[in-house]
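If you want the building blocks of each chain, they are given just below.
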Amino acid sequence: QVQLVESGGGLVQAGGSLRLSCAASGSAGSINAMGWYRQAPGKQRELVANIISGGSTNYADSVKGRFTVSRDNAKNTVYLQMNSLKPEDTAVYYCRVVRAPHYVYWGQGTQVTVSS
């Protein structure tokens, strides 16, 4: 089992910044990928950004150039630096971890609200 603890959500004005963190503990060895998804009211959960064990990253088109995903392997922690936030970024953000060979774990979610 892997336990995920998220932090860093909150309320921010448009144009502001937030940094999300997600720390994995428990049987966290051999984590293949870590990343972030989000779900806005009435919408499906969507990929925001992820980073795989080799360091490659993927971003949703809507956040490219504004968000940066990074990972501290020693701490089994993934970060999401969000800059130039927009009201449409408002959502619950979920951490997602994939542990070898294919086990998927989700965090409890953290609310990000961007006011206009």
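Just so it is clear, the structure is predicted and the values come from calculations on it, not from any experiment.

## Remarks on the overall build of the protein
Part 1 of the argument: Assigned secondary structure in the protein consists of zero helices and 11 strands.
Part 2 of the argument: Secondary structure of the protein in N-to-C order comes out as β-β-β-β-β-β-β-β-β-β-β.
Part 3 of the argument: For the protein, whose C-alpha radius of gyration is 13 Å, the value lies close to the compact-globule estimate of 13 Å for 116 residues.
Part 4 of the argument: For the C-alpha atoms alone, the extent of the protein along its principal axes is close to 40 × 25 × 25 Å.
Part 5 of the argument: Summing over all exposed atoms, the protein offers an accessible surface of approximately 5,900 Å²; the carbon and sulfur share of this is 47%.
Part 6 of the argument: Mean positive and mean negative side-chain charge positions of the protein (11 and 6 charges, respectively) differ by 5 Å.

## Regarding the pattern of salt bridges
Part 1 of the argument: Per the counting criterion, the structure on display carries four salt bridges.
Part 2 of the argument: In this structure, Asp61 engages Lys64 in a salt bridge whose closest nitrogen and oxygen atoms are separated by 3.1 Å.
Part 3 of the argument: Among the ionic pairs, Arg66 bridges to Asp89, the shortest N-O distance being 2.8 Å. You can see Arg66 sitting in the loop between strand 6 (57–59) and strand 7 (67–72) and its partner Asp89 sitting in the loop between strand 8 (77–82) and strand 9 (91–99), a full 23 residues away along the chain.
Part 4 of the argument: Judged by relative accessible area, which is 10%, Arg66 ranks as buried.
Part 5 of the argument: Sharing partners across several salt bridges, the network here consists of Arg38, Glu46, Arg66 and Asp89.

## What to know about the packing of aromatic side chains
For any two aromatic rings, the description comes down to two numbers: the centre-to-centre distance and the angle of the planes.
Part 1 of the argument: Applying the stated criterion across every chain yields a total of one aromatic pair.
Part 2 of the argument: Each ring, one from Tyr37 and one from Trp106, has its centre 5.1 Å from the other, and the planes form 70°; the classification is edge-to-face. Of this pair, Tyr37 sits in strand 4 (residues 31–39) while Trp106 is found in strand 10 (residues 103–106), placing the two residues 69 residues apart along the sequence.
Part 3 of the argument: Residue classification places Tyr37 among the buried residues on the basis of a relative accessible area of 17%.
Part 4 of the argument: The class of Trp106 is partly exposed, set by a relative accessible area of 36%.
Part 5 of the argument: If you follow Arg45 out to its NZ or CZ, it ends over the ring of Tyr94, 3.7 Å from the centre.

## Points about the pairing of strand 7
Part 1 of the argument: Burial along strand 7 is one-sided: the residues Phe67, Val69 and Arg71 are buried and none of Thr68, Ser70 and Asp72 is.
Part 2 of the argument: Inspection of the sheet shows strand 7 paired to strand 8 by six bridges, in the antiparallel sense. Bridge pairing links Phe67 to Met82 in strand 8.

## Some details on the nonpolar core
Part 1 of the argument: Judged by nonpolar contacts, the single largest core of 29 residues is most densely connected at Trp36, Leu80, Met82 and Tyr93.
Part 2 of the argument: Contributing elements (two or more residues each) for this core: strand 1 (2–7), strand 3 (18–26), strand 4, strand 5 (46–52), strand 7, strand 8, strand 9 and strand 11 (110–115).

## Some points on the sheet that holds strand 3
Part 1 of the argument: Taken in spatial order, the four strands line up as 1-3-8-7 in an open sheet, and their pairing is antiparallel. Taken across any chain shown, the strands that pair with only one partner, and hence form the sheet edges, are strand 1 and strand 7. This sheet shows a mean twist of 15° between the axes of neighbouring strands, independent of strand direction.
Part 2 of the argument: As judged from the six bridges shared by strand 1 and strand 3, these two strands associate in the antiparallel manner. In the sheet register, Ser7 faces strand 3, and the bridge partner there is Ser21.

About the thresholds
Residues numbered from 1 in each chain as written. Predicted model: local features only at pLDDT ≥ 70, side-chain atom pairs only at ≥ 80, totals over all residues. Heavy atoms only, no water. Helix = DSSP H or I, 4+ residues; strand = E, 2+ residues; numbered from the N terminus. Rg over C-alpha atoms; globule rule 2.2 N^0.38 Å. Areas by Shrake-Rupley, 256 points an atom, 1.4 Å probe, with all protein chains shown as cover. Lys, Arg positive; Asp, Glu negative; His and termini not counted. Charge placed at Lys NZ, Arg CZ, Asp CG, Glu CD. Salt bridge = Lys/Arg side-chain N within 4 Å of Asp/Glu carboxyl O. Buried < 20%, exposed > 50% of the residue type's maximum accessible area, 1.4 Å probe, protein only. Phe/Tyr/Trp six-rings, centres within 6.5 Å; stacked < 30°, edge-to-face > 60°. Lys NZ or Arg CZ within 6 Å of the ring centre and 35° of its normal. Pairing = 2+ DSSP bridges. Core = buried A, V, L, I, M, F, W, Y, C linked by side-chain atoms within 4.5 Å. Axes fitted to C-alpha atoms, helices over the stretch in contact; angles between N-to-C directions.

The quantities given are spatial measurements derived from coordinates; they are silent on function.
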